[in-house]
Amino acid sequence: MFSGNPIIRRKSRQIMVGDVPVGGDAPISVQSMTNTSTADVAATVAQIERIQQAGADIVRVSVPSLEEAEAFGEIRKLVNIPLVADIHFDHNIALRVADLGVDCLRINPGNITREDRLSEVIAKAKDKNIPIRIGVNAGSLGKDLLRKYNEPTAEAMVESAMRNVDLLDKHNFQDFKVSVKASDVFMAVDAYRDLAKRIEQPLHLGITEAGGLRSGTVKSAIGLGALLMDGIGDTVRISLAADPAEEARVAWDMLRSLRLRSKGINFIACPSCSRQNFDVIKTVHELENRLEDITVPMDVSIIGCIVNGPGEAKESDFGLTGGTPENLVYLDGKPDHKLEQGNLVDQLEKEIRAKAQAKQAQLDGAQQDIIAKS
Ligand code: SF4
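Heads up: these notes are all about the structure in this document. (Residues numbered from 1 in each chain as written. Predicted model: local features only at pLDDT ≥ 70, side-chain atom pairs only at ≥ 80, totals over all residues. Heavy atoms only, no water.)

### Focus: the packing of helix α6 (residues 154-170) against helix α7 (residues 185-198)
What counts, and what does not: Only the stretch in contact is used when a helix axis is fitted, and all axes are lines through C-alpha atoms; the angle between N-to-C directions ranges over 0 to 180 degrees. Put simply, DSSP H or I for four residues or longer makes a helix, DSSP E for two residues or longer makes a strand, and each gets a number counted from the N terminus. To sort the angles, those under 35 degrees are grouped as roughly parallel, those over 145 as roughly antiparallel, those from 65 to 115 as roughly perpendicular, and the leftovers as oblique. Here a crossing is taken to be left-handed if its near helix is turned anticlockwise relative to the far helix by less than a right angle, and right-handed if that turn runs clockwise. Contacts are assigned to residue pairs that have any heavy atoms within 4.5 Å of one another. Note that Gly is not counted as nonpolar here; it falls among the polar residues with everything else outside the nonpolar set of Ala, Val, Leu, Ile, Met, Phe, Trp, Tyr, Cys and Pro and the charged set of Asp, Glu, Lys and Arg.
The geometry of α6 relative to α7 is characterised by a closest axis approach of 8 Å and an angle of 40 degrees between their N-to-C directions. In terms of axis orientation, α6 runs oblique to α7. The two elements α6 and α7 meet at a crossing, and its hand is right-handed. Touching A154, M157, V158, A161 and M162 of α6 are M187, A188, D190, A191, D194, L195 and R198, all from α7. Residues of the contact of α6 with α7, tallied by class, amount to nine nonpolar, no polar and three charged.

### Here we look at unusual backbone geometry
Among all residues save glycine, negative phi is the norm, and among peptide bonds the norm is trans. Basically, it comes down to this: In this scheme, a residue with accessible area under 20% of its type's maximum is buried, one over 50% is exposed, and one in between is partly exposed, where area comes from a 1.4 Å probe on protein chains only.
Of note, the bond from T324 into P325 is cis; its omega dihedral lies within 30 degrees of zero at 5 degrees. Topologically, P325 is positioned in the loop between β13 (318-321) and β14 (327-331). Residue N172 is not a glycine yet carries a positive backbone phi of 55 degrees. Owing to a relative accessible area of 57%, N172 belongs among the exposed residues under this scheme.

### Some points on the sheet that holds strand β11 (residues 265-269)
The line we're drawing: Whether two strands pair depends on DSSP finding at least two bridges between them.
On the basis of which strands lie adjacent, the open sheet formed by five strands has the order β11-β12-β13-β14-β15 and mixed pairing. The open sheet has two edge strands, β11 and β15 (334-339), and neither has a second partner. Recorded for the sheet is a direction-independent mean angle of 20 degrees between the axes of neighbouring strands. For β11 and strand β12 (residues 298-303), the ladder comprises five bridges, and the chain directions are parallel. By the bridge assignment for β12, F267 is matched with V300.

### Observations regarding the pairing of strand β7 (residues 132-137)
What counts is decided by this rule: Viewed with both strands pointing away, a crossover whose connecting path from the first strand over the helix to the second turns clockwise is right-handed.
Of all six residues making up β7, six are buried, and the element is well covered by its neighbours. The alternating pattern of β7 places I132, I134 and V136 and R133, G135 and N137 on opposite faces, both of which are buried. Relative to β7, strand β6 (residues 104-107) is paired through three bridges, and the arrangement is parallel. By the bridge assignment, I107 is partnered in β7 with I134. Read from β6 through helix α4 (residues 115-128) to β7, the crossover connection turns out right-handed. Here six bridges tie β7 to strand β8 (residues 176-181), and the two strands are oriented parallel to one another. Counted as the bridge partner of I134 is V178 from β8.

Laid out in structure tokens, this is it:
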């Protein structure tokens, strides 16, 4: 069952990305980024909707040219999730999407370096009430910083970020968040820890170019896990060379593991061994896919035998402990009824959905009580 966690979150100033609060006491938001051609409006809208279904709160879209800025304007009209425009090299693109409508501008201080151009973007953002993300990346640091530090370092990334922070300060613009991403876990973690002490704005976490689905997930979990457990981080993007919807799913798994957010099912499953009384791996895989639409927070344990089954089930909303000839279902930590091996996945899906519905009704009732008493 969900309980509190010992993480004390860094206090940050809150900004709004569309209708999603970032920072302050807002839940840590989940982001992902499209990889379709932005010029292909239909494909990009379809992908944004898939990413949203996978649990993203905010989606970033690359806008490489002024032509694609026009497409971005169309896309934004067709979706109902805040969009961040990812801008590099040409500040005119930022100015154009700001006019067309955008929920946040991501600019890279490594490739938009001229103060007059940055000042123009800041003035426009201020005028249109659009937040900015200063997105520093170890792979695209400014040339002068590379000369100064010889190579990308945490210090160089923080210096790059702080130059822009100072410029935003000069313009009395506080509506921004910052990221200092590197593919090296140590470098990224060091940079974020340093930055967290220097500024009060929200931090957007990411291990950039982390790798494929497996390697990138592990790298991101180590880096972001360390930071999130320190209380650092207000919004996350898992950067994977994989389907962008997977980025949102991995981010959710990470936040659920740290009990920082609690939407949907938290699966507890054993790795299985020769003691298993049903095919644990296949069952869990099937259930994860079939039950992705459930949003009510609940713990579901699927365990192959009595060695660990009863212990895990006692802490779960719904638990299955493998047995022969029948498995035992626990509801709210207590043994409830037996379940035969035949059609196990179908049966489990049905029963977990029913439990989710009951839990939702319970949560709604509790909410009504609070409203009635207030
Ligand atoms: S709970 Fe049972 S089936 Fe699962 S790994 Fe442990 S001993 Fe094996």
